[in-house]
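Commentary on secondary and tertiary structure
Given next are the chains, with one letter for each unit.
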Amino acid sequence: MIRVGIFGASGLAGGELIRLVVQHPELELTFLGGNASAGRRPAEFHPGLRLDLGLTIEPVSTNLAGRCDVVFLATPATASAELAARLADEVPCVIDLSGAFRIQTPALHDRWYPDVRRAGGLADRFVYGVPELIGDQLPGAALISLPGCFATAITIGLAPLVIGLGLNLKTVVVDGKTGSSGGGLSLRTADLHPLRNGAIAPYAPAGHRHAAEVKDFLERSKPGGIDSLSMSAYGVSHVRGLMASSYVFTDDEVDARTLNRAYLRFYKQRPFVRVRRHNETLIPVPDPQAVLGSNYCDVTVLHDEEGGRIVVLAALDNMVKGAAGQGIQVLNLRFGLPEETGLTMQPVMPA
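Summing up its helical and strand segments, the protein has nine helices and 14 strands in all. A compact globule built from 351 residues would reach a C-alpha radius of gyration of about 20 Å, and the protein, at 20 Å, matches this within 12%. Oriented by its inertia axes, the alpha-carbon framework of the protein measures out at about 60 × 45 × 40 Å. Taking the contacts inside the protein whose residues are at least 6 apart along the sequence as the reference set, 74% of them involve residues at least 24 apart. Element-wise, carbon and sulfur atoms account for 51% of the exposed surface of the protein, whose accessible area totals about 15200 Å². Side chains of the protein give 32 positive and 35 negative charges; the mean places of these two sets differ by 2 Å.

Put into structure tokens, the structure is as follows:
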């Protein structure tokens with residue numbers, strides 16, 4: 001059995017990790033870490049988890065040498081940067097769910113994460129990216145940084161164009177909409193139910209850091225490239241799930257048939273990416289409600305000939321494929337397990 005520890009056990013992503021780890025046939029949960037939550041049982045924070053795990057949340061200062069084979073950091077970026085520096089020499093594998101190590105370019109990192117100070121050279125040791133694109137780098141990796149939820153959807157949506165077809169994308173404009181769980185459990189006035197319910201709140205209308213990490217990653221993933229990538233993000237009233245709509249402009253010649261074939265070919269051997277026609281079901285897809293509770297990302301590509309653009313739609317559950325589920329997927333690949341192990345749950349709909 002692979003022994004697993006989770007820091008940030010009281011948070012939403014921490015709870016989702018607990019849920020997935022305890023049902024995984026090859027994993028054993030051996031440590032839960034927290035700060036203010038130390039000494040309390042996980043079920044106090046996650047009412048759906050009334051399992052007798054035999055664990056209480058321990059202080060983050062606990063030494064884990066010999067206790068864990070892999071540790072998840074479901075902590076804020078500032079805390080992850082500090083924990084990773086310590087744990088890199090304490091446990092065989094660290095998987096970080098925060099933004100602390102997602103952007104490798106120092107100036108770009110400082111632009112979007114000005115309060116996150118990283119130990120010298122540590123960021124260069126991290127493997128970053130969605131597992132569908134960097135799976136060959138994961139076996140035996142010691143430090144792994146997961147993409148953000150929006151970054152996962154955007155990258156999955158654009159990769160067949162940049163990496164598969166080698167297109168040069170002149171301009172990419174992303175419209176992102178996400179539920180309230182994307183903001184975690186921090187108490188903010190704008191997230192109170194009377195203000196959030198029924199709202200479409202433009203919380204990042206003039207730029208989002210997930211767009212920066214996508215561009216940073218894809219610029220290093222030739223043969224194609226992106227000249228300009230910008231994003232606007234909106235909070236909507238549902239709890240789980242997100243949609244990233246990417247509007248792509250390029251001078252390269254493409255047509256609908258070429259695009260559809262490229263996406264089907266690119267993700268043919270990728271079990272968690274479902275390439276879909278937008279009109280193939282009772283409701284137009286991709287739609288976040290068609291993936292809730294699962295590790296799937298649904299993707300559709302359309303050629304807007306009159307508008308001179310490519311439209312790429314990607315939907316996923318931000319708590320699963322956008323966070324904890326992708327973490328388990330990465331763990332499976334890192335330790336040589338079948339990619340789908342512990343992640344075969346189908347979407348729950350309606351939810």
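With that out of the way, let us pick up the packing of helix H5 (residues 149–164) against helix H7 (residues 209–218). The geometry of H5 relative to H7 is characterised by a closest axis approach of 9 Å and an angle of 35° between their N-to-C directions. Judged by the sense of rotation from one axis to the other, the crossing of H5 with H7 is right-handed. Listed contacts from H7 to Cys-149, Phe-150, Ala-151, Ile-154, Thr-155, Leu-158, Val-162 and Ile-163 of H5 are His-210, Glu-213, Val-214, Phe-217 and Leu-218. Residues that form the contact of H5 with H7 fall into these classes: ten nonpolar, two polar and one charged.

Our focus in this paragraph is the sheet that holds strand S4 (residues 70–73). Each strand in a sheet pairs with its neighbour through backbone hydrogen bonds, running either in the same direction (parallel) or in the opposite one (antiparallel). Across the sheet, seven strands lie side by side as S3-S2-S1-S4-S5-S7-S6; this open sheet has parallel pairing. The sheet terminates laterally at strand S3 (58–59) and strand S6 (127–128), the two strands that pair on one side only. Sheet topology places strand S1 (residues 2–7) next to strand S2 (residues 27–34); six bridges connect them, and they run parallel. Pairing of Ile-2 across the sheet is with Leu-27, part of S2.

Right, let's get into the side chain of His-208. For His-208, the position within the fold is in the loop between strand S9 (200–204) and H7. Leave out the neighbours within four places in its chain, and His-208 touches Trp-112, Phe-150, Tyr-203, Met-231 and Ala-233.

With that settled, the discussion passes to the nonpolar core. Ile-95, Leu-158 and Leu-161 are the most contacted members of the largest nonpolar core, which has 80 residues in total. At ten residues, H5 tops the list of elements feeding residues into this core. Ile-95 has contacts with Val-70, Val-71, Phe-72, Leu-73, Ile-144, Leu-146, Gly-327, Val-330 and Leu-331, leaving out every residue within four places of it along the chain. The next biggest cluster of nonpolar side chains, apart from the first, holds 24 residues, and it includes Val-71, Ala-88, Val-94 and Ile-103.

Turning our attention to the packing of aromatic side chains. Taken as a whole, this structure holds five aromatic pairs when the rule is applied. Centre to centre, the rings of Tyr-128 and Phe-217 are 5.7 Å apart; their planes meet at 75°, and the pair counts as edge-to-face. Taken together, the residues Tyr-128 in strand S6 and Phe-217 in helix H7 connect sequence positions 89 residues apart. A relative accessible area of 7% means that Tyr-128 is categorised as buried. Against the face of Tyr-234 rests Lys-177, its NZ or CZ located 5.2 Å from the ring centre. Here the basic side chain of Arg-334 rests over the ring of Phe-335, its NZ or CZ set 4.4 Å away from the ring centre.

Considered for burial, the residues of helix H2 (residues 77–87) that qualify are Ala-77, Ser-80, Ala-81, Leu-83, Ala-84 and Leu-87. Here the buried face of H2 lies against S1, S4 and strand S5 (93–96).

The next thing to look at is the environment of Asp-298. Along the chain, Asp-298 falls in strand S13 (residues 297–304). Look at Asp-298 and you get buried, because its relative accessible area is 0%. A C-alpha to C-alpha distance of 25 Å links Asp-298 and Arg-220, two positions 78 residues apart in sequence. Each residue touching Asp-298, except ones within four places of it in the same chain, is listed here: Arg-274, Arg-276, Pro-286, Ala-290, Val-291, Leu-313, Ala-314 and Ala-315. Within the structure, Asp-298 has its side chain in polar contact with the side chain of Arg-276 (distance 2.9 Å).

Mapped onto the secondary structure, Asp-252 falls in the loop between strand S11 (242–250) and helix H8 (256–266). Between the C-alpha atoms of Asp-252 and Gly-166, which are 86 residues apart in sequence, the distance is 9.6 Å. With sequence-adjacent residues up to four places away left out, Asp-252 is seen in contact with Leu-167 and Asn-168. A distance of 2.9 Å separates the side chain of Asp-252 from the backbone nitrogen of Asn-168, its partner in a polar contact.

Here the focus is the side chain of Gln-326. Mapping Gln-326 onto the fold places it in helix H9 (residues 320–334). Accessibility expressed as a relative area gives 0% for Gln-326, which makes it buried. Not counting residues up to four positions away in its chain, the partners in contact with Gln-326 are Val-130, Pro-131, Glu-132, Leu-146, Pro-147, Thr-152, Asn-295, Val-320 and Lys-321.

What counts as what
Residues numbered from 1 in each chain as written. Predicted model: local features only at pLDDT ≥ 70, side-chain atom pairs only at ≥ 80, totals over all residues. Heavy atoms only, no water. Helix = DSSP H or I, 4+ residues; strand = E, 2+ residues; numbered from the N terminus. Rg over C-alpha atoms; globule rule 2.2 N^0.38 Å. Contact = heavy atoms within 4.5 Å. Areas by Shrake-Rupley, 256 points an atom, 1.4 Å probe, with all protein chains shown as cover. Lys, Arg positive; Asp, Glu negative; His and termini not counted. Charge placed at Lys NZ, Arg CZ, Asp CG, Glu CD. Axes fitted to C-alpha atoms, helices over the stretch in contact; angles between N-to-C directions. Left-handed = near helix turned anticlockwise from the far one by under 90°. Nonpolar A, V, L, I, M, F, W, Y, C, P; charged D, E, K, R; others polar. Pairing = 2+ DSSP bridges. Core = buried A, V, L, I, M, F, W, Y, C linked by side-chain atoms within 4.5 Å. Buried < 20%, exposed > 50% of the residue type's maximum accessible area, 1.4 Å probe, protein only. Phe/Tyr/Trp six-rings, centres within 6.5 Å; stacked < 30°, edge-to-face > 60°. Lys NZ or Arg CZ within 6 Å of the ring centre and 35° of its normal. Polar contact = N/O pair within 3.5 Å; in protein donor to acceptor, adjacent residues only side chain to side chain.

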